[in-house]
Amino acid sequence: MSDAEPRSRSTRTCVSCGINVSGTNAARFDCPECGHEINRCPKCRKQSNLYRCPDCGFTGP
Ligand SMILES: [Zn+2]
Ligand SMILES: [Zn+2]
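What this report covers is the structure whose coordinates are included nearby. Because the structure is predicted, anything quoted here is derived from the model rather than measured.

1. So, the overall build of the protein
Next up, step 1: Of the regular secondary structure elements, the protein holds one helix and four strands.
Next up, step 2: Shown N-terminal to C-terminal, the secondary structure of the protein runs as helices and strands in the order β-β-α-β-β.
Next up, step 3: Expressed as a percentage of the 61 residues in the protein, the buried residues total 18%.
Next up, step 4: If you take every contact in the protein between residues at least 6 apart in sequence, the share linking residues at least 24 apart comes to 31%.

2. Examining the pairing of strand β2 (residues 37–40)
The two faces of the sheet receive side chains in turn, since in a regular strand these alternate between them.
Next up, step 1: Across four bridges, the pairing between strand β1 (residues 27–30) and β2 is antiparallel. Bridging across to β2, F29 finds its partner in I38.
Next up, step 2: Linking two consecutive strands that pair antiparallel, namely β1 and β2, is a turn of six residues; a positive phi of about 85 degrees is found at G35 within it.

3. Considering unusual backbone geometry
Next up, step 1: Even without being glycine, S48 reaches a positive phi, approximately 55 degrees.
Next up, step 2: Looking at where S48 falls in the secondary structure, it is placed in the loop between α1 (42–47) and β3 (51–52).
Next up, step 3: What makes S48 exposed here is the crowd of 9 C-beta atoms within 10 Å.

4. A few points about the nonpolar core
Next up, step 1: Counting residues in each nonpolar core, the largest one holds eight residues, listed as C14, V15, V21, A26, I38, C41, C44 and Y51.
Next up, step 2: The residues contacting C41, other than those within four sequence positions of it, are C14, C17, I19, V21, T24 and A26.

5. With respect to the environment of G57
Next up, step 1: In this structure, G57 sits in the loop between β3 and β4 (59–60).
Next up, step 2: Overall, G57 belongs to the exposed group, with 10 C-beta atoms counted inside 10 Å.
Next up, step 3: Separated by 24 residues in the primary sequence, G57 and E33 have C-alpha atoms spaced 9.1 Å apart.

Definitions and limits used
- The residue count restarts for each chain, going from 1 along the sequence in the order it is written.
- Naming scheme: in the order in which they are written, chains are lettered from A and ligands are numbered from 1.
- A pLDDT threshold of at least 70 governs which residues receive local features in this predicted model, and a stricter bar of 80 or more applies before side-chain atom pairs are shown or counted, although totals over entire chains, interfaces and linings include all residues.
- Helix and strand assignments come from DSSP, with helices taken as H or I runs of at least 4 residues and strands as E runs of at least 2, each series counted from the N terminus.
- Once C-beta atoms are placed from the backbone, each residue is buried if 20 or more other C-beta atoms lie within 10 Å of its own, exposed if 12 or fewer, and partly exposed for counts between those two.
- Any two residues are considered in contact once their C-beta atoms, placed from the backbone, lie within 7 Å.
- What makes two strands pair is DSSP finding at least two bridges between them.
- As used throughout, a nonpolar core is a set of buried Ala, Val, Leu, Ile, Met, Phe, Trp, Tyr and Cys residues joined through C-beta atoms within 7 Å of each other.

Any functional reading would require information beyond the geometric quantities listed.
The structure is reproduced here in structure tokens:
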């Protein structure tokens, strides 16, 4: 099996740093603007990195 799946729907990646967060206790919420699902890894959460919605471009803390 390949572990280099381009855009699998089951793969969750942190919107801030892009790492795969599936299987971790990443924060998961919906974009306040468009409702797009956003995932953020615990590390970025801790650092309070800005997130950016990949769908509408909304940024927030
Ligand atoms: Zn991250
Ligand atoms: Zn959005």
